[in-house]
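A structural walkthrough
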Amino acid sequence: MTDQHEKIREMEEAMSKAKYNKSTEHWFGLMKSQIAKLREKIEKKTAGKGGGEGWFVKKTGNATVILVGFPSVGKSTLLNAITNAKSKVAAYEFTTLDCIPGTLNYRNAKIQILDVPGIISGAAFGRGRGKEVLAMARNADLVLFVIDALHPEHFTALRKEVYDVGIRINQRQPVVKIVKTTKGGLSMNSTVKLSKVSYDTLAAILKEFKIMNAGVVIRDDVDIDQFIDCIEGNRKYVPGIICVNKIDLVGDKQRKQLHEILPNPIFVSAEKKEGLQELKEKIYNSLNFIRVYLKEINKKPDLDEPMILTKPATLKTVCEHIHRDFVRKFKFARVWGKSAKFPGQQFRNLEKQLEDGDVVEIHIR
Ligand SMILES: Nc1nc2c(ncn2[C@@H]2O[C@H](COP(=O)(O)OP(=O)(O)O)[C@@H](O)[C@H]2O)c(=O)[nH]1
Ligand SMILES: [Mg+2]
(Lines give C-alpha, C1' and ligand atoms only; values in the text may rest on other atoms or scores of the structure.)
(Ligands and ions follow the chains in the order given, each with its own letter.)
Protein backbone atom coordinates (compact mmCIF):
# COMPACT_ATOMS: atom_id res chain seq x y z
CA MET A 1 0.00 0.00 0.00
CA THR A 2 1.30 3.41 -0.92
CA ASP A 3 0.84 6.63 1.03
CA GLN A 4 -2.02 7.54 -1.28
CA HIS A 5 -3.84 4.29 -0.55
CA GLU A 6 -3.29 4.84 3.14
CA LYS A 7 -4.69 8.35 2.83
CA ILE A 8 -7.81 7.07 1.06
CA ARG A 9 -8.29 4.42 3.72
CA GLU A 10 -8.02 7.04 6.50
CA MET A 11 -10.53 9.34 4.83
CA GLU A 12 -12.98 6.49 4.25
CA GLU A 13 -12.68 5.52 7.87
CA ALA A 14 -13.29 9.09 9.02
CA MET A 15 -16.42 9.23 6.86
CA SER A 16 -17.71 5.92 8.15
CA LYS A 17 -17.60 7.35 11.67
CA ALA A 18 -19.38 10.59 10.77
CA LYS A 19 -23.06 11.12 10.19
CA TYR A 20 -24.28 12.64 6.94
CA ASN A 21 -26.52 15.65 7.51
CA LYS A 22 -26.89 19.31 6.55
CA SER A 23 -23.96 20.41 8.68
CA THR A 24 -21.50 17.69 7.55
CA GLU A 25 -22.62 17.55 3.92
CA HIS A 26 -20.03 20.06 2.76
CA TRP A 27 -17.21 18.14 4.47
CA PHE A 28 -18.42 14.86 2.91
CA GLY A 29 -18.42 16.56 -0.47
CA LEU A 30 -14.81 17.64 -0.12
CA MET A 31 -13.63 14.29 1.26
CA LYS A 32 -15.30 12.33 -1.53
CA SER A 33 -13.91 14.69 -4.16
CA GLN A 34 -10.41 14.28 -2.76
CA ILE A 35 -10.72 10.50 -2.72
CA ALA A 36 -11.93 10.50 -6.32
CA LYS A 37 -8.99 12.67 -7.34
CA LEU A 38 -6.50 10.49 -5.48
CA ARG A 39 -7.89 7.39 -7.15
CA GLU A 40 -7.54 9.00 -10.53
CA LYS A 41 -3.93 9.90 -9.74
CA ILE A 42 -3.14 6.32 -8.72
CA GLU A 43 -4.90 5.05 -11.82
CA LYS A 44 -2.80 7.31 -14.06
CA LYS A 45 0.40 6.25 -12.33
CA THR A 46 -0.26 2.52 -12.60
CA ALA A 47 -1.67 2.60 -16.13
CA GLY A 48 1.02 1.71 -18.63
CA LYS A 49 2.95 -0.19 -15.99
CA GLY A 50 1.37 -3.41 -17.22
CA GLY A 51 -1.36 -5.29 -15.45
CA GLY A 52 -4.80 -3.85 -15.12
CA GLU A 53 -5.68 -4.32 -18.76
CA GLY A 54 -7.22 -7.72 -18.31
CA TRP A 55 -6.74 -10.76 -20.48
CA PHE A 56 -7.15 -10.73 -24.22
CA VAL A 57 -10.15 -12.97 -24.45
CA LYS A 58 -12.19 -12.31 -27.54
CA LYS A 59 -15.78 -11.40 -26.84
CA THR A 60 -17.98 -13.97 -28.54
CA GLY A 61 -21.68 -14.70 -28.61
CA ASN A 62 -24.50 -12.27 -27.91
CA ALA A 63 -23.26 -11.03 -24.53
CA THR A 64 -20.48 -11.51 -21.98
CA VAL A 65 -20.95 -12.30 -18.29
CA ILE A 66 -18.13 -12.27 -15.74
CA LEU A 67 -18.04 -14.31 -12.52
CA VAL A 68 -16.76 -12.19 -9.66
CA GLY A 69 -16.12 -13.69 -6.24
CA PHE A 70 -13.58 -14.54 -3.57
CA PRO A 71 -11.36 -17.60 -4.10
CA SER A 72 -12.91 -21.05 -3.53
CA VAL A 73 -16.55 -19.97 -3.59
CA GLY A 74 -17.21 -22.27 -6.56
CA LYS A 75 -16.84 -20.03 -9.62
CA SER A 76 -15.09 -22.67 -11.71
CA THR A 77 -17.55 -25.36 -10.62
CA LEU A 78 -20.40 -23.05 -11.62
CA LEU A 79 -18.87 -22.28 -15.01
CA ASN A 80 -18.50 -26.01 -15.70
CA ALA A 81 -22.08 -26.63 -14.58
CA ILE A 82 -23.77 -24.08 -16.83
CA THR A 83 -21.48 -24.00 -19.88
CA ASN A 84 -19.47 -26.34 -22.07
CA ALA A 85 -16.22 -25.25 -20.38
CA LYS A 86 -13.85 -27.33 -18.31
CA SER A 87 -12.25 -25.04 -15.77
CA LYS A 88 -10.05 -26.54 -13.08
CA VAL A 89 -11.73 -27.00 -9.69
CA ALA A 90 -9.87 -27.48 -6.42
CA ALA A 91 -10.44 -27.41 -2.69
CA TYR A 92 -7.50 -25.03 -2.21
CA GLU A 93 -7.30 -21.36 -3.18
CA PHE A 94 -6.08 -19.72 -6.39
CA THR A 95 -6.69 -22.59 -8.79
CA THR A 96 -7.83 -20.39 -11.64
CA LEU A 97 -4.98 -18.11 -12.72
CA ASP A 98 -6.21 -17.28 -16.18
CA CYS A 99 -9.43 -16.19 -17.75
CA ILE A 100 -11.42 -19.24 -18.85
CA PRO A 101 -14.37 -18.65 -21.17
CA GLY A 102 -17.40 -20.91 -21.57
CA THR A 103 -20.58 -20.63 -23.57
CA LEU A 104 -24.07 -20.92 -22.15
CA ASN A 105 -26.64 -21.65 -24.84
CA TYR A 106 -29.99 -20.50 -23.62
CA ARG A 107 -33.18 -19.67 -25.54
CA ASN A 108 -31.47 -18.88 -28.86
CA ALA A 109 -28.79 -16.81 -27.15
CA LYS A 110 -25.12 -17.66 -26.90
CA ILE A 111 -23.88 -16.16 -23.67
CA GLN A 112 -20.15 -16.03 -23.02
CA ILE A 113 -19.26 -16.59 -19.37
CA LEU A 114 -15.81 -15.76 -18.04
CA ASP A 115 -14.23 -17.53 -15.08
CA VAL A 116 -11.44 -15.42 -13.62
CA PRO A 117 -9.27 -15.69 -10.50
CA GLY A 118 -10.95 -14.86 -7.22
CA ILE A 119 -10.51 -11.32 -5.99
CA ILE A 120 -9.73 -10.28 -2.46
CA SER A 121 -10.12 -7.06 -0.52
CA GLY A 122 -7.77 -4.45 -1.94
CA ALA A 123 -8.12 -5.86 -5.46
CA ALA A 124 -8.93 -2.42 -6.84
CA PHE A 125 -5.57 -1.27 -5.48
CA GLY A 126 -3.81 -4.06 -7.31
CA ARG A 127 -3.77 -6.90 -4.79
CA GLY A 128 -3.68 -10.36 -6.40
CA ARG A 129 -4.86 -10.38 -10.00
CA GLY A 130 -7.63 -8.05 -8.88
CA LYS A 131 -6.88 -5.24 -11.28
CA GLU A 132 -7.09 -7.55 -14.30
CA VAL A 133 -10.31 -9.12 -13.07
CA LEU A 134 -11.91 -5.77 -12.48
CA ALA A 135 -10.76 -4.51 -15.88
CA MET A 136 -12.59 -7.46 -17.44
CA ALA A 137 -15.66 -6.65 -15.35
CA ARG A 138 -15.76 -3.13 -16.75
CA ASN A 139 -16.23 -4.56 -20.23
CA ALA A 140 -18.79 -7.22 -19.36
CA ASP A 141 -22.50 -6.95 -20.09
CA LEU A 142 -23.37 -8.48 -16.70
CA VAL A 143 -21.51 -9.03 -13.44
CA LEU A 144 -22.43 -12.26 -11.68
CA PHE A 145 -21.35 -12.04 -8.05
CA VAL A 146 -20.68 -15.52 -6.70
CA ILE A 147 -21.02 -15.69 -2.92
CA ASP A 148 -20.32 -18.66 -0.65
CA ALA A 149 -23.48 -19.45 1.35
CA LEU A 150 -21.32 -19.63 4.46
CA HIS A 151 -19.78 -16.20 3.83
CA PRO A 152 -22.45 -13.67 2.82
CA GLU A 153 -20.34 -10.93 4.41
CA HIS A 154 -18.01 -11.18 1.41
CA PHE A 155 -20.57 -9.34 -0.65
CA THR A 156 -19.91 -5.97 1.01
CA ALA A 157 -16.20 -6.31 0.23
CA LEU A 158 -16.85 -7.39 -3.37
CA ARG A 159 -19.23 -4.53 -3.96
CA LYS A 160 -16.62 -2.07 -2.71
CA GLU A 161 -13.90 -3.45 -4.99
CA VAL A 162 -16.18 -3.22 -8.00
CA TYR A 163 -17.31 0.27 -7.01
CA ASP A 164 -13.73 1.47 -6.53
CA VAL A 165 -12.85 0.77 -10.17
CA GLY A 166 -15.79 2.85 -11.36
CA ILE A 167 -18.35 0.10 -12.03
CA ARG A 168 -21.90 0.94 -10.98
CA ILE A 169 -24.10 -2.10 -10.52
CA ASN A 170 -27.83 -1.95 -11.24
CA GLN A 171 -27.78 1.83 -11.30
CA ARG A 172 -29.10 4.06 -14.01
CA GLN A 173 -26.68 6.74 -15.13
CA PRO A 174 -28.00 9.96 -13.58
CA VAL A 175 -28.67 12.76 -16.01
CA VAL A 176 -26.43 15.72 -15.25
CA LYS A 177 -25.17 18.00 -17.98
CA ILE A 178 -22.01 19.98 -17.32
CA VAL A 179 -20.91 22.39 -20.02
CA LYS A 180 -17.64 24.12 -19.21
CA THR A 181 -17.31 27.75 -20.17
CA THR A 182 -14.40 30.19 -20.06
CA LYS A 183 -15.99 32.80 -17.81
CA GLY A 184 -19.20 33.71 -16.00
CA GLY A 185 -18.87 31.49 -12.94
CA LEU A 186 -21.20 28.59 -12.21
CA SER A 187 -24.79 28.55 -13.30
CA MET A 188 -26.69 25.63 -11.79
CA ASN A 189 -30.22 24.47 -12.47
CA SER A 190 -32.15 21.37 -11.63
CA THR A 191 -35.41 20.12 -13.08
CA VAL A 192 -36.15 18.08 -9.95
CA LYS A 193 -36.01 18.93 -6.25
CA LEU A 194 -32.61 18.01 -4.82
CA SER A 195 -33.20 16.25 -1.49
CA LYS A 196 -29.77 14.77 -0.80
CA VAL A 197 -27.35 17.61 -1.33
CA SER A 198 -27.39 21.41 -1.61
CA TYR A 199 -26.31 23.62 -4.51
CA ASP A 200 -23.56 25.06 -2.31
CA THR A 201 -21.99 21.68 -1.75
CA LEU A 202 -22.25 20.79 -5.42
CA ALA A 203 -20.56 24.08 -6.29
CA ALA A 204 -17.77 23.32 -3.79
CA ILE A 205 -17.30 19.89 -5.37
CA LEU A 206 -17.06 21.42 -8.84
CA LYS A 207 -14.41 23.81 -7.54
CA GLU A 208 -12.44 20.85 -6.10
CA PHE A 209 -12.34 19.53 -9.66
CA LYS A 210 -11.23 22.99 -10.84
CA ILE A 211 -14.49 23.66 -12.63
CA MET A 212 -15.06 27.34 -11.88
CA ASN A 213 -17.07 28.30 -14.95
CA ALA A 214 -19.81 26.05 -16.25
CA GLY A 215 -23.47 25.65 -16.99
CA VAL A 216 -24.88 22.72 -15.02
CA VAL A 217 -28.30 21.14 -15.50
CA ILE A 218 -29.33 18.36 -13.10
CA ARG A 219 -32.26 16.14 -14.07
CA ASP A 220 -32.05 13.54 -11.29
CA ASP A 221 -32.12 13.76 -7.50
CA VAL A 222 -28.39 12.93 -7.25
CA ASP A 223 -26.26 12.36 -4.17
CA ILE A 224 -22.62 13.41 -3.80
CA ASP A 225 -21.23 10.15 -5.21
CA GLN A 226 -23.44 10.28 -8.28
CA PHE A 227 -22.52 13.90 -8.89
CA ILE A 228 -18.80 13.09 -8.74
CA ASP A 229 -19.44 10.16 -11.10
CA CYS A 230 -20.92 12.63 -13.57
CA ILE A 231 -17.95 14.98 -13.28
CA GLU A 232 -15.41 12.20 -13.81
CA GLY A 233 -17.53 10.67 -16.55
CA ASN A 234 -15.72 7.34 -17.01
CA ARG A 235 -18.07 5.12 -15.01
CA LYS A 236 -19.52 1.87 -16.33
CA TYR A 237 -23.18 1.12 -15.61
CA VAL A 238 -23.59 -2.65 -15.63
CA PRO A 239 -26.38 -4.95 -14.48
CA GLY A 240 -25.52 -7.43 -11.71
CA ILE A 241 -26.86 -10.61 -10.14
CA ILE A 242 -26.02 -12.08 -6.75
CA CYS A 243 -25.64 -15.85 -6.90
CA VAL A 244 -25.24 -17.66 -3.59
CA ASN A 245 -23.45 -20.96 -4.16
CA LYS A 246 -23.03 -24.05 -1.92
CA ILE A 247 -26.62 -23.67 -0.78
CA ASP A 248 -26.54 -27.43 -0.10
CA LEU A 249 -24.49 -26.59 2.99
CA VAL A 250 -27.11 -24.46 4.75
CA GLY A 251 -30.56 -25.02 6.22
CA ASP A 252 -33.82 -23.10 6.00
CA LYS A 253 -32.98 -20.69 8.80
CA GLN A 254 -29.71 -19.59 7.17
CA ARG A 255 -31.45 -19.27 3.80
CA LYS A 256 -33.88 -16.85 5.34
CA GLN A 257 -31.02 -14.83 6.79
CA LEU A 258 -29.27 -14.75 3.41
CA HIS A 259 -32.44 -13.30 1.91
CA GLU A 260 -32.37 -10.56 4.51
CA ILE A 261 -28.70 -9.65 4.08
CA LEU A 262 -28.42 -9.78 0.30
CA PRO A 263 -30.47 -7.95 -2.34
CA ASN A 264 -32.42 -10.43 -4.53
CA PRO A 265 -30.09 -13.38 -4.16
CA ILE A 266 -30.44 -16.49 -6.25
CA PHE A 267 -29.55 -19.76 -4.53
CA VAL A 268 -27.65 -22.50 -6.32
CA SER A 269 -25.49 -25.50 -5.70
CA ALA A 270 -23.08 -25.77 -8.59
CA GLU A 271 -21.91 -29.13 -7.30
CA LYS A 272 -25.36 -30.67 -6.75
CA LYS A 273 -26.71 -28.87 -9.84
CA GLU A 274 -29.51 -27.16 -7.98
CA GLY A 275 -31.09 -23.83 -8.94
CA LEU A 276 -29.20 -23.68 -12.23
CA GLN A 277 -32.27 -23.37 -14.41
CA GLU A 278 -33.46 -20.38 -12.41
CA LEU A 279 -30.00 -18.83 -12.61
CA LYS A 280 -29.86 -19.21 -16.39
CA GLU A 281 -33.27 -17.58 -16.67
CA LYS A 282 -32.17 -14.67 -14.48
CA ILE A 283 -28.96 -14.20 -16.47
CA TYR A 284 -30.96 -14.17 -19.69
CA ASN A 285 -33.50 -11.68 -18.37
CA SER A 286 -30.86 -9.36 -16.90
CA LEU A 287 -29.11 -9.02 -20.23
CA ASN A 288 -32.05 -7.15 -21.78
CA PHE A 289 -32.02 -9.23 -24.93
CA ILE A 290 -34.45 -8.64 -27.73
CA ARG A 291 -35.17 -10.90 -30.68
CA VAL A 292 -35.45 -9.37 -34.11
CA TYR A 293 -36.54 -11.46 -37.10
CA LEU A 294 -35.14 -10.66 -40.50
CA LYS A 295 -37.27 -10.82 -43.58
CA GLU A 296 -36.22 -10.79 -47.21
CA ILE A 297 -38.26 -8.70 -49.65
CA ASN A 298 -41.38 -10.56 -50.84
CA LYS A 299 -40.59 -13.52 -48.61
CA LYS A 300 -41.83 -14.76 -45.25
CA PRO A 301 -39.70 -13.85 -42.22
CA ASP A 302 -37.30 -16.43 -40.81
CA LEU A 303 -38.96 -17.10 -37.46
CA ASP A 304 -36.62 -19.92 -36.50
CA GLU A 305 -33.45 -17.91 -36.25
CA PRO A 306 -33.87 -14.53 -34.62
CA MET A 307 -31.07 -12.03 -34.41
CA ILE A 308 -30.32 -11.63 -30.69
CA LEU A 309 -29.44 -8.09 -29.69
CA THR A 310 -29.02 -6.26 -26.40
CA LYS A 311 -31.10 -3.20 -25.66
CA PRO A 312 -31.08 -0.48 -26.87
CA ALA A 313 -30.93 -1.88 -30.40
CA THR A 314 -31.61 0.20 -33.50
CA LEU A 315 -31.90 -0.39 -37.23
CA LYS A 316 -28.22 0.53 -37.34
CA THR A 317 -27.40 -2.31 -34.92
CA VAL A 318 -29.26 -4.72 -37.18
CA CYS A 319 -27.40 -3.46 -40.28
CA GLU A 320 -24.06 -3.78 -38.50
CA HIS A 321 -24.85 -7.38 -37.65
CA ILE A 322 -25.73 -8.31 -41.22
CA HIS A 323 -22.72 -6.77 -42.94
CA ARG A 324 -20.68 -3.63 -42.36
CA ASP A 325 -21.64 -2.29 -45.81
CA PHE A 326 -25.30 -2.30 -44.85
CA VAL A 327 -25.01 0.84 -42.74
CA ARG A 328 -23.56 2.78 -45.66
CA LYS A 329 -25.96 1.37 -48.24
CA PHE A 330 -29.09 1.61 -46.08
CA LYS A 331 -32.08 3.17 -47.84
CA PHE A 332 -34.99 2.35 -45.55
CA ALA A 333 -36.48 -0.47 -43.51
CA ARG A 334 -39.96 -1.87 -43.19
CA VAL A 335 -40.92 -2.98 -39.70
CA TRP A 336 -43.69 -5.21 -38.34
CA GLY A 337 -44.31 -5.57 -34.61
CA LYS A 338 -44.31 -3.38 -31.50
CA SER A 339 -42.08 -0.69 -33.05
CA ALA A 340 -44.38 -0.09 -36.00
CA LYS A 341 -47.62 1.93 -35.88
CA PHE A 342 -48.96 -0.31 -38.67
CA PRO A 343 -47.60 -3.50 -40.23
CA GLY A 344 -44.76 -2.81 -42.63
CA GLN A 345 -44.22 0.82 -41.62
CA GLN A 346 -41.21 2.39 -43.34
CA PHE A 347 -38.32 4.02 -41.46
CA ARG A 348 -35.45 5.96 -43.02
CA ASN A 349 -33.72 6.79 -39.73
CA LEU A 350 -31.00 4.31 -38.73
CA GLU A 351 -31.40 5.37 -35.10
CA LYS A 352 -34.95 3.97 -34.95
CA GLN A 353 -35.13 1.74 -31.86
CA LEU A 354 -36.47 -1.78 -32.08
CA GLU A 355 -38.44 -3.95 -29.67
CA ASP A 356 -38.52 -7.65 -28.88
CA GLY A 357 -40.26 -9.63 -31.60
CA ASP A 358 -40.01 -7.05 -34.38
CA VAL A 359 -39.75 -8.25 -37.96
CA VAL A 360 -37.42 -6.14 -40.10
CA GLU A 361 -36.91 -5.91 -43.86
CA ILE A 362 -33.85 -3.87 -44.87
CA HIS A 363 -33.74 -2.09 -48.21
CA ILE A 364 -30.34 -1.05 -49.50
CA ARG A 365 -29.03 0.85 -52.50
N1 LIG B 1 -20.74 -28.15 -1.00
C2 LIG B 1 -20.45 -27.54 -2.14
N3 LIG B 1 -19.17 -27.40 -2.53
C4 LIG B 1 -18.91 -26.76 -3.70
C5 LIG B 1 -19.97 -26.27 -4.51
N6 LIG B 1 -19.40 -25.69 -5.60
C7 LIG B 1 -18.06 -25.83 -5.46
N8 LIG B 1 -17.74 -26.48 -4.32
C9 LIG B 1 -16.40 -26.82 -3.84
O10 LIG B 1 -15.70 -25.64 -3.49
C11 LIG B 1 -14.31 -25.78 -3.79
C12 LIG B 1 -13.83 -24.64 -4.67
O13 LIG B 1 -14.46 -24.73 -5.93
P14 LIG B 1 -13.92 -23.94 -7.20
O15 LIG B 1 -14.94 -24.10 -8.27
O16 LIG B 1 -12.52 -24.34 -7.53
O17 LIG B 1 -13.92 -22.46 -6.63
P18 LIG B 1 -13.32 -21.11 -7.28
O19 LIG B 1 -12.00 -20.86 -6.64
O20 LIG B 1 -14.29 -20.04 -6.92
O21 LIG B 1 -13.23 -21.30 -8.76
C22 LIG B 1 -14.14 -27.16 -4.44
O23 LIG B 1 -13.72 -28.07 -3.47
C24 LIG B 1 -15.55 -27.47 -4.92
O25 LIG B 1 -15.76 -28.86 -4.99
C26 LIG B 1 -21.32 -26.46 -4.07
O27 LIG B 1 -22.31 -26.08 -4.72
N28 LIG B 1 -21.50 -27.10 -2.88
MG1 LIG C 1 -11.54 -21.18 -9.97
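The residue count restarts for each chain, going from 1 along the sequence in the order it is written. Each chain is given a letter, starting from A, and each ligand a number, starting from 1, according to the order in which they appear as written. pLDDT decides what is reported in this predicted model: residues at 70 or higher carry local features, side-chain atom pairs at 80 or more are listed and counted, and totals for whole chains, interfaces and linings draw on all residues regardless. Each side-chain value is worked out from all heavy atoms of the structure, with water and hydrogens disregarded.

**Quick notes on the overall build of the chain**
The test is simple: Runs of H or I in DSSP of at least four residues are treated as helices and runs of E of at least two as strands, each being numbered from the N terminus. Contact definition: two residues touch when any of their heavy atoms are within 4.5 Å. The Shrake-Rupley method, run with a 1.4 Å probe sphere, supplies the accessible areas, and residue values consider only the shown protein chains as cover. Counting rule for charge: Lys and Arg are taken as positive, Asp and Glu as negative, and neither His nor the chain ends is counted. A single reference atom marks each charge: NZ on Lys, CZ on Arg, CG on Asp, CD on Glu.
Along the chain, the regular secondary structure elements total 11 helices and 16 strands. In terms of principal-axis extent, the alpha carbons of the chain reach across some 70 × 60 × 45 Å. The contacts in the chain between residues at least 6 apart in sequence include a share of 66% that link residues at least 24 apart. Approximately 19,700 Å² of the chain is accessible, and the part contributed by carbon and sulfur atoms is 50%. In the chain, 61 side chains carry a positive charge and 44 a negative one; their mean positions are 5 Å apart.

**Quick notes on a positive patch on the surface**
What counts here: In this analysis, a patch consists of residues with relative accessible area above 30% that form no salt bridge, clustered at 9 Å for like charges and at 5 Å for the nonpolar side chains Val, Leu, Ile, Met, Phe, Trp and Tyr. The working definition used for a salt bridge is a side-chain nitrogen of Lys or Arg within 4 Å of a carboxyl oxygen of Asp or Glu. Burial classification: accessible surface area is computed with a 1.4 Å probe over protein chains only, and a residue below 20% of its type maximum counts as buried, one above 50% as exposed, and the rest as partly exposed.
A contiguous patch of positive charge on the surface is contributed by K7, K41, K45 and K210. The topology assignment puts K7 in helix 1 (residues 3-17). Owing to a relative accessible area of 48%, K7 belongs among the partly exposed residues under this scheme.

**Looking at the packing of helix 3 (residues 75-82) against helix 9 (residues 276-286)**
Rules: Interaxial angle, 0 to 180 degrees, is taken between N-to-C directions of lines fitted to C-alpha atoms, where a helix line uses only the stretch in contact. For classification purposes, angles smaller than 35 degrees are called roughly parallel, those larger than 145 roughly antiparallel, those between 65 and 115 roughly perpendicular, and all remaining angles oblique. For this classification, Asp, Glu, Lys and Arg are treated as charged, while Ala, Val, Leu, Ile, Met, Phe, Trp, Tyr, Cys and Pro are nonpolar and the rest, including Gly, are polar.
One can describe the packing of helix 3 onto helix 9 by two numbers: an axis separation of 11 Å at closest approach and a directional angle of 85°. Comparing the axis directions of helix 3 and helix 9 gives the class roughly perpendicular. Across the interface between the two elements, L78, A81 and I82 of helix 3 pack against L276, L279, K280 and I283 of helix 9. Its residues assigned to classes, the contact of helix 3 with helix 9 shows 6 nonpolar, no polar and 1 charged.

**Looking at the packing of helix 2 (residues 25-46) against helix 7 (residues 224-232)**
Inclusion rule: The handedness criterion is simple: a crossing whose near helix is rotated anticlockwise from the far helix by less than a right angle is left-handed, and one whose near helix is rotated clockwise is right-handed.
Remark: helix 2 packs on helix 7, axes separated minimally by 10 Å, with the N-to-C direction vectors making an angle of 40°. Comparing the axis directions of helix 2 and helix 7 gives the class oblique. As helix 2 packs across helix 7, the resulting crossing turns out to be right-handed. Side by side, helix 2 and helix 7 meet where E25, F28, G29, K32, S33, A36 and E40 of the first sit next to I224, D225, I228 and E232 of the second.

**Brief notes about the pairing of strand 1 (residues 63-68)**
Within a regular strand, side chains alternate between the sheet's two faces. Stated precisely, the cut-off is as follows: Strands pair, by our definition, only if DSSP identifies at least two bridges between them.
Of all 6 residues in strand 1, 6 are buried; the element is thus mostly enclosed. By the alternation rule, side chains of strand 1 split into A63, V65 and L67 and T64, I66 and V68, which are all buried. The pairing of strand 1 with strand 3 (residues 109-115) spans 5 bridges and is classified as parallel. Its bridge partner being in strand 3, L67 is matched across the sheet by D115. As judged from the 4 bridges shared by strand 1 and strand 4 (residues 142-148), these two strands associate in the parallel manner. By the bridge assignment for strand 4, I66 is matched with V143.

**Looking at unusual backbone geometry**
K311 connects to P312 through a cis peptide bond whose omega is -5°. Positioned with a positive phi, K210 is a non-glycine residue whose angle comes to about 60°. Inspection of the secondary structure puts K210 in the loop between helix 6 (199-208) and strand 8 (214-218).

**Some thoughts on helix 2**
Along an α-helix, residues three or four apart share an orientation, since each turn contains 3.6 residues. This is how the line gets drawn: A helix is expected to span 1.5 Å for every residue after the first.
A rise of 1.5 Å per residue sets the reference length of helix 2, with its 22 residues, at 32 Å; its end C-alpha atoms lie 32 Å apart and thus fit the reference within 8%. E25, F28, G29, M31, S33, I35, A36, L38, R39 and I42 are the residues of helix 2 that are buried. Looking at the buried positions of helix 2, the neighbouring elements they touch are helix 1, helix 5 (154-164), helix 6 and helix 7.

**Here's the deal with the nonpolar core**
Heads up, the rule is: Here, nonpolar core refers to any group of buried Ala, Val, Leu, Ile, Met, Phe, Trp, Tyr and Cys residues whose side-chain atoms link them within 4.5 Å.
Of all hydrophobic cores here, the largest spans 62 residues; its most connected members are L78 and I283. Discounting residues that sit within four places of it in the chain, I283 has contacts with V65, I82, L104, I111, I113, L142, L144 and I241. Ranked by size, the runner-up nonpolar core spans 28 residues in total, among them M15, I35, I205 and V216.

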